[in-house]
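Now for the letters of each chain:
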Amino acid sequence: MDNQQKQRIIQEFVPGKQITLAHIIANPVQELCEKLGMIDMDNEAIGVMTITPTEAVIIGADVASKAGGVSIAFVDRFNGSLVVSGDVDAVESSVDAVLDVLGNKMHFDTVPITRT
C-alpha cells in the first residue's frame, strides 16, 4: 500500500450571466452552410451567439425566433450555442433582440455585435 497522500482536486465551472459572442456572417459560402447542415436554407446571413448559463440559450432562441424572419439553425443548451439564419436585416434584428432581452431585461453582460 502506498503511504503517499493523494490529493483530490475538484474543479467547478460557474459561469456568470453573459453573452460572450454575438457575430453575424453575411453571405456565408455554400461550403460553410453545408458543413453546418444548413443545405436546405437560403442563407443570406448567419448569426452566431454563445450564452451562459447554457440554459439561457433556450430563452435566446425564443427571442430570436420571435424577432421575425429567421430560422433557428442550431441550438445547444449544453454548450450555450445559438445559430440563426435568414436575410441580413432579420439576422441582425434577431441578434439585437437577444442582446436587448438578456442584457437589458435580465442583466446579462453582453458584447458588441461583430460582423464578417
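What you are looking at is a predicted structure, and each value in this text was computed from that prediction instead of being measured. (Residues numbered from 1 in each chain as written. Predicted model: local features only at pLDDT ≥ 70, side-chain atom pairs only at ≥ 80, totals over all residues. Heavy atoms only, no water.)

Caption draft 1: Quick peek at the environment of Asp-62. Within the secondary structure, Asp-62 is located in helix H2 (residues 56–66). For Asp-62 and Ile-72, which are 10 residues apart along the polypeptide, the C-alpha to C-alpha distance reads 9.1 Å. (Helix = DSSP H or I, 4+ residues; strand = E, 2+ residues; numbered from the N terminus.)

Caption draft 2: Representation of a nonpolar patch on the surface within the structure. Together, Val-29, Leu-32 and Leu-36 line one region of the surface with nonpolar side chains, adding up to about 250 Å² of accessible area. Along the chain, Leu-32 falls in helix H1 (residues 30–35). (Patch = residues over 30% accessible without salt bridge, like charges linked within 9 Å, V, L, I, M, F, W, Y side chains within 5 Å. Areas by Shrake-Rupley, 256 points an atom, 1.4 Å probe, with all protein chains shown as cover. Salt bridge = Lys/Arg side-chain N within 4 Å of Asp/Glu carboxyl O.)

Caption draft 3: Geometry of H2. Along H2, the residues classified as buried are Ala-56, Val-57, Gly-60, Ala-61, Val-63 and Ala-64. In an axial view of H2, the angular spread of the buried residues amounts to 165°, which keeps them on one side of the axis. For H2, the elements touching its buried residues are strand E2 (45–52), strand E3 (70–76), strand E4 (81–86) and helix H3 (88–105). Within two residues after H2, Gly-68 carries a phi angle of roughly 100°, on the positive side. (Buried < 20%, exposed > 50% of the residue type's maximum accessible area, 1.4 Å probe, protein only. Arc of directions from axis to C-beta. Contact = heavy atoms within 4.5 Å.)

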